[in-house]
Amino acid sequence: MSVYSAVLLFSFISTGAAVLTTSLNGVWTLTEKEEHNISITGQVPGSMYTALMDHKIIQDPYYRNNDIRYRWIGQADWTYSRVFNVSSQMMSMANIKLVCEGLDTFATVTINGHLVAETNNMFVKYVMDIKPYVKLGENSISVSFKSAVKQAAILASNHSYLIPPACPVPQYKGECHVNMVRKEQCSFSWDWGPSFPTQGMWRDIYIESFNTTAIRSFTAETLKDTDGSWVIDTEVLLDVPEGETVEGSVKIRFDVTGMGSKQVHTLTSNNNKIKQRLQLDRDFVVQEWWPNGYGAQHLYQLYAFFTSSDGRTLSAKKLTIGFKTVELMQDFVSGDPKQGRSFFFKINGVPIFLKGSNWIPADSFLERVTKERLRNLLQSARDVHMNSMRVWGGGVYESEDFYELADELGILIWQDLMFGCAMYPSDPQFLSTVSDEISQQVKRLKSHASLLLWSGNNENEKALRQSWYNTDVNFTLYYKDYVTLYHDTIQPIVQSEDLTHPFIMSSPSNGIESLQEGFVAKEPWSELYGDIHDYRYMDPFFDQSVYRVPRMASEYGLQSLPSYETLADVYAEEDMDLCSDMSEHRQHHPLGNVQLMAEVILYLNLPNSPDRKQKFKDTIYVTQIDQAIAMKTETEHYRRWQNRLDESGRGNTMGAMYWQLNDIWQAPTWSSIEYGGKWKMLQYFAQHFFSPLLISPYEESGMAKVYICVDEIKLHVTRHPHTHHLQFVPNPQHKAGFLFGDMVDSNPQPHSVGPKGTLYISMYSWASMEPLYNWTQEYQMNVTSQLVFSANINNMLHQADCIRRQNCFLFYHLGNPQNGPTAWQALSTFSAVIGLKKAKIQVTNIITVKKDQVFNITISTSAIAPFVWLDTPGVQGRFSDNGFLMVQRVKQLQYFAWESVDQNRLGSSLTIKSLMDIYY
Ligand code: BMA
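Not measured: the values here are computed from a predicted model. (Residues numbered from 1 in each chain as written. Predicted model: local features only at pLDDT ≥ 70, side-chain atom pairs only at ≥ 80, totals over all residues. Heavy atoms only, no water.)

On to the overall build of the chain, then. Each helix and strand counted, the chain has 19 helices and 46 strands in total. Rg of the C-alpha trace for the chain: 29 Å, near the compact-globule value of 29 Å for 920 residues, within the 12% margin. With the principal axes as the frame, the chain shows a C-alpha extent of 90 × 75 × 65 Å. Residues counted as buried form 61% of the 920 residues belonging to the chain. The contacts in the chain between residues at least 6 apart in sequence include a share of 71% that link residues at least 24 apart. Counting every atom, the chain has about 34,100 Å² of accessible surface; 50% of that belongs to carbon and sulfur. Considering the chain, the positive charge centre built from 78 side chains and the negative charge centre built from 97 side chains are found 3 Å apart. (Helix = DSSP H or I, 4+ residues; strand = E, 2+ residues; numbered from the N terminus. Rg over C-alpha atoms; globule rule 2.2 N^0.38 Å. Buried < 20%, exposed > 50% of the residue type's maximum accessible area, 1.4 Å probe, protein only. Contact = heavy atoms within 4.5 Å. Areas by Shrake-Rupley, 256 points an atom, 1.4 Å probe, with all protein chains shown as cover. Lys, Arg positive; Asp, Glu negative; His and termini not counted. Charge placed at Lys NZ, Arg CZ, Asp CG, Glu CD.)

As structure tokens, then:
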């Protein structure tokens, strides 16, 4: 909160009578008496694992196979307790409430020995009346947790039939029945993460004392009227004690404009929801909020005040909002309904191709996820031109910090609800706590400018349809559970709480078509409807023809190993080998390491250093090359399909969100950023394949084809000699595609279309830095993704005098290869390439641009060098580019340090390698 807004907010609250907040965060006593007789201090928010680590009772839980050694921790019951002071001022208040923002998960809360509440849902905020139990002076509170692992087992055995899967596959080394508990599903293990079934207060805990009432929640929806003006629909929920009547007014104030509204009310515990509509003055120019790459992220402040009938402001809340509209377009793509429906988003009327990735919890111990770490990860997403991120349904509804950063950085959030890869119960108790969870979370998150979409679950429609967990033994039973939970319970809550963001029942799904087919489509993976998740591990990942042509790809990925440096934090020397027991232990994806190697040999020769350590480093490097090439090939394939439909109606692909951005620990996974923040080669590649101006070559039927893709094309239309009136509408001539940002008026006179220029094409031999032959191709973009060049590769080879395709590659740029976009295309796999020499790559210069933070680095090479990889072990930061092909002798780079580092230390840590260095 800015100083100004804090002053504005609190200047309205008359001191003395307002809500008094007493934080109970900080140091508590943590005990386990039954089996291990432990009594230590523990931080709140926090979990027992970090407390045990702080006291050196356990090592780093991520170290080697400590996840197995420390299983006892999650199976024990842990109690947090402390004393706190109740002042005479607090005692004098009519209401004293304990607010627990997050209890993980099965907690019994007592105050001075009196039972106050029993909880069972990590995602619910609990507010408890503790007035009857507190006394002036010293009081005690205890929060006793039960092992979620044991509770899950009890719930499963009490349920009349199995809710599958009972347990994860053995490779996950996880715990069973997590779907029975409303807790972070991946805390019992996942295919990229360990099992650490935490207990503790994972979010703030505090006491609110007040006399009359307190604002419990404040939400806002921004809506655009048909005449172009904006309204803000607000809702204030007040905490009115049972049986009491409260008189007062709720006032809304918009930013610094002074615009606002006020309503006077008589409130009771049943009549405590105040909705007000704020119509913004017509002369106030609203600056819309745009996703990254489309415009600025304007944010505004909105305030709510509760004022008692005697005029004193007693409670206040602030919201940060943005003005945007979201539409999920699902129209038939052609006159033939069998060709399916589109599936794409318009933000402020503009179709957006979602360029993004999937987000998982950034740590098993959520208390370690600081705003700084979140900023680094989300800034990294923005830096590589992502405009969207899917908060995946097996983790948590993320923190306020996360969504604030997404608002600020222009990252649209596809928000799954926290159900993933499982069937779920639909008994009344489960539905009741889920209802609280959904209604609270939708209220909490819907006002964020970055919110794009609600999705009911991760992959449960597909799992049910394909009987992943043997549900076909009684499909009707599990189908009924599915419909009861997502359609009958969750959907109405989401849609009544939030009118401004679309809801889909599952990801992947067929969108409207899934609903029309009874909520579980015959083929939820259809290319003609909705989104798909698509993984193909043993296909030639560098060949675009293996990939599907969906409306949207919200998950696709390939694994790689994290860097040696990252593994060194948790591996012993002897573990540093792909064939070690430890490498097997950390690999949770069944047959994952075998796949990694099989993928390498599809494309590259295996590294063959006689030195075991070096060989492992090189193995890491080749898995990162594969992953980067795979995601580039697949993502560009999706981008190239955005303006096309084939005869069967496939195409108009409008989103590519790869799996997965970040890591929960140090292990082989699908991530592009390692635990700790280091960018894998994929993250650097994403910077290019998500670029707003992309040169995308590929090969099809012996032809080299090149597309250029842009985010948006603006046609400028003059309506009146003195005014430019720009309006975004779908282009009627482009039934089969979109002309983004296509603007028309009654008398359209387009005087310019999309970018035009020259594509420069060169054929090189791998053996030489001089091109064999050059071509040029003029282009003029009319749509956002357009074929601009197509030529027979054999003819090109012939023209360039290249003996055979294994000897040569194609290089592309738009006129300035140093600064503008470039692309290259091998004409064979790297295992078949002929003529590559071992390049000598040297750092010729390092200059400090910004002291201890930004450096210019110049490197030079003696020969063509593919996948040049720079690294700075021991120094945290990233390069402006990495993993590139060096075709020119000299290349300028920048290094952005994330810690203070001087030029000498940076220089001495710097290492460089390229492909031929791994062969001896
Ligand atoms: C998808 C995800 C995750 C999983 C990933 C990789 O199914 O939803 O469940 O981690 O694939 O297997």
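Having put the structure on the table, let's press on.
Here the focus is the site of the ligand. Every residue lining the ligand is accounted for by Trp190, Asp191, Trp192, Trp392, Cys421, Asn458, Glu459, Tyr535, Glu555, Trp659 and Trp670. Residue Asn458 places a side-chain N or O atom 3.0 Å away from an oxygen atom belonging to the ligand. Note that an oxygen atom of the ligand is positioned 2.6 Å from one of the side-chain N or O atoms of Glu459. Along the lines of polarity and charge, the residues of the shell around the ligand split into seven nonpolar, one polar and three charged. (Near = heavy atom within 4 Å. Polar contact = N/O pair within 3.5 Å; in protein donor to acceptor, adjacent residues only side chain to side chain. Nonpolar A, V, L, I, M, F, W, Y, C, P; charged D, E, K, R; others polar.)

Attention now goes to the packing of helix H16 (residues 612–640) against helix H17 (residues 681–689). Running from amino to carboxyl end, H16 crosses H17 at an angle of 25°, the nearest separation of the two axes being 8 Å. By the angle class used here, H16 and H17 are roughly parallel. For the crossing formed where H16 meets H17, the hand is right-handed. Between H16 and H17, the contacting residues are Tyr621, Gln624, Ile625, Gln627, Ala628, Ile629, Met631, Lys632, Thr635, Glu636 and Arg639 on the first element and Met681, Leu682, Phe685 and Phe689 on the second. (Axes fitted to C-alpha atoms, helices over the stretch in contact; angles between N-to-C directions. Parallel < 35°, antiparallel > 145°, perpendicular 65-115°, else oblique. Left-handed = near helix turned anticlockwise from the far one by under 90°.)

This next bit is on the packing of aromatic side chains. Throughout the structure, instances matching the rule amount to 53 aromatic pairs. The interplanar angle of 55° and the centroid separation of 4.8 Å between the aromatic rings of Trp359 and Phe402 together place this pair among those described as tilted. Taken as a pair, Trp359 in strand S25 (residues 354–359) and Phe402 in helix H8 (residues 400–409) lie far apart in primary sequence, 43 residues in all. An identical accessibility class is assigned to Trp359 and Phe402; each is buried. (Phe/Tyr/Trp six-rings, centres within 6.5 Å; stacked < 30°, edge-to-face > 60°.)

Residues annotated by UniProt as "domain: Beta-mannosidase Ig-fold" (unreviewed entry) correspond here to residues 847–918. As annotated, residues 847–918 has a helix share of 10% and a strand share of 50%, and its two end C-alpha atoms lie 29 Å apart. (UniProt positions renumbered as here; feature names shortened; annotations may be inferred.)

This part takes up the sheet that holds strand S39 (residues 822–826). Within the open sheet, the four strands sit side by side as S36-S35-S38-S39. Their pairing is antiparallel. Edge positions in the open sheet fall to strand S36 (771–780) and S39, since each of these has one partner strand only. Taking the axes of each pair of neighbouring strands and ignoring which way they run, one obtains an average angle of 20° across the sheet. In this sheet, S36 lies alongside strand S35 (residues 756–765) in antiparallel orientation, the contact comprising nine bridges. Residue pairing across strands places Met763 opposite Tyr773, the latter belonging to S36. (Pairing = 2+ DSSP bridges.)

Moving on to the environment of Asn460. Structurally, Asn460 can be placed in helix H10 (residues 460–465). Sequence-wise, Asn460 and Asp902 are 442 residues apart; in three dimensions their C-alpha atoms are separated by 51 Å. Apart from residues no more than four positions distant in its own chain, Asn460 is found in contact with Phe419, Gly420, Cys421, Ala422, Met423, Tyr424, Tyr482, Tyr486 and Ser506. Within polar-contact distance, the side chain of Asn460 engages the backbone nitrogen of Cys421 at 2.9 Å.

Looking now at the packing of helix H15 (residues 592–603) against H16. With their axes 10 Å apart at the nearest point, H15 and H16 run at an angle of 75° to one another. Between H15 and H16, the interaxial angle falls into the category roughly perpendicular. Where H15 abuts H16, its residues Leu596, Met597, Glu599, Val600 and Tyr603 lie against Thr619, Val622, Thr623, Ile625, Asp626 and Ile629. When the residues that make up the contact of H15 with H16 are grouped by side-chain class, the tally is seven nonpolar, two polar and two charged.

When you line up the elements, Arg639 lands in helix H16. What Arg639 contacts, discounting residues up to four positions off in sequence, is Phe353, Lys355, Phe689, Phe690, Ser691, Pro692, Leu694, Cys709, Val710, Asp711 and Ser785.

Okay, the UniProt feature "domain: Beta-mannosidase-like galactose-binding" (unreviewed entry) in the chain next. When the UniProt feature table is mapped to this numbering, "domain: Beta-mannosidase-like galactose-binding" (unreviewed entry) covers residues 28–203. End C-alpha to end C-alpha, residues 28–203 measures 14 Å, and it is 18% helix and 35% strand.

All right, on to the nonpolar core then. Ranked by size, the top nonpolar core spans 212 residues in total, and within it Leu98 and Phe867 carry the most contacts. If one sorts the elements of this core by residue count, H16 sits on top with ten residues. One finds Ile215, Trp230, Val250 and Val286 within the second-largest nonpolar core, a separate group that totals 26 residues. (Core = buried A, V, L, I, M, F, W, Y, C linked by side-chain atoms within 4.5 Å.)

Taking strand neighbours across the sheet as the criterion, the three strands line up as S15-S16-S19 in an open arrangement whose pairing is antiparallel. Of all strands in the sheet, those bounded by a partner on one side alone are strand S15 (214–224) and strand S19 (273–279). This sheet shows a mean twist of 20° between the axes of neighbouring strands, independent of strand direction. The pairing of S15 with strand S16 (residues 230–239) spans ten bridges and is classified as antiparallel. Opposite Lys224, over in S16, you have Trp230 as the bridge partner.

This brings us to the pairing of strand S8 (residues 114–118). Bridge analysis of strand S7 (residues 106–111) against S8 gives four bridges, and the strand direction is antiparallel. Bridge assignment links Val109 to a residue of S8, and that residue is Ala117. Hairpin connection from S7 to S8: two residues lie between these consecutive antiparallel strands, with Asn112 at a positive phi of about 45°.

Attention shifts here to the pattern of salt bridges. Applying the stated criterion to the full structure yields 43 salt bridges. One salt bridge in this structure joins Asp233 and Arg277, with 2.8 Å as the shortest N-O distance. Here the residue Asp233 occupies a position in strand S16, and Arg277 occupies one in strand S19, the gap between them amounting to 44 residues. Here Arg368 and Asp363 are joined by a salt bridge, their closest N and O atoms 3.2 Å apart. Given the relative accessible area of 21%, Arg368 is considered partly exposed. (Salt bridge = Lys/Arg side-chain N within 4 Å of Asp/Glu carboxyl O.)

To continue, consider H15. Between its first and last C-alpha, H15 extends 17 Å over twelve residues, near the 16 Å set by a 1.5 Å rise per residue. For H15, the complete set of buried residues consists of Gly592, Asn593, Gln595, Leu596, Ala598, Glu599, Val600 and Tyr603. Against helix H14 (581–586), H16 and strand S42 (865–871) lie the buried residues of H15. (Expected span 1.5 Å × (residues − 1).)

Let's shift gears to the state of the cysteines. Here, the word disulfide means a covalent bond between the sulfur atoms of two cysteines. In this structure the tally under the stated criterion is two disulfides. Residue Cys167 pairs covalently with Cys176 via a disulfide, S to S 2.1 Å. Taking the torsion about the sulfur-sulfur bond, which here is approximately 100°, the covalent link between Cys167 and Cys176 counts as right-handed. The class of Cys176 is partly exposed, set by a relative accessible area of 24%. Through a disulfide, Cys802 is tied to Cys808; the S-S separation comes to 2.0 Å. The chirality of the disulfide connecting Cys802 with Cys808 is right-handed, given an S-S dihedral of about 110°. Its relative accessible area of 1% is what places Cys808 among the buried residues. The cystine pairing of the chain, numbering bonded cysteines in sequence order, is 1-2, 3-4. (Disulfide = S-S within 2.5 Å.)

Turning to the confidence of the model for the chain, a few remarks are in order. Overall, the prediction assigns the chain a mean pLDDT of 93, with 94% of residues at 70 or greater. Predicted confidence is poor over residues 10–16, with pLDDT under 50, and the contacts of this stretch with residues over four places away or in other chains come to 13 contacts. Note that residues 716–752 has pLDDT below 50 and, in this model, 68 contacts with residues that lie over four places away or in other chains. (pLDDT = per-residue confidence, 0-100.)

Next up on the list: the pairing of S16. The buried fraction of S16 amounts to ten of the ten residues, a majority that puts the element mostly inside the structure. Of the two faces of S16, the one holding Trp230, Ile232, Thr234, Val236 and Leu238 and the one holding Val231, Asp233, Glu235, Leu237 and Asp239 are both buried throughout. What sits between the antiparallel neighbours S15 and S16 is a turn of five residues, in which Gly228 has the positive phi angle 90°. In the sheet, S16 pairs with S19 via seven bridges, with the strands oriented antiparallel. Among the inter-strand pairings, Asp233 is bridged to a residue of S19, identified as Arg277.

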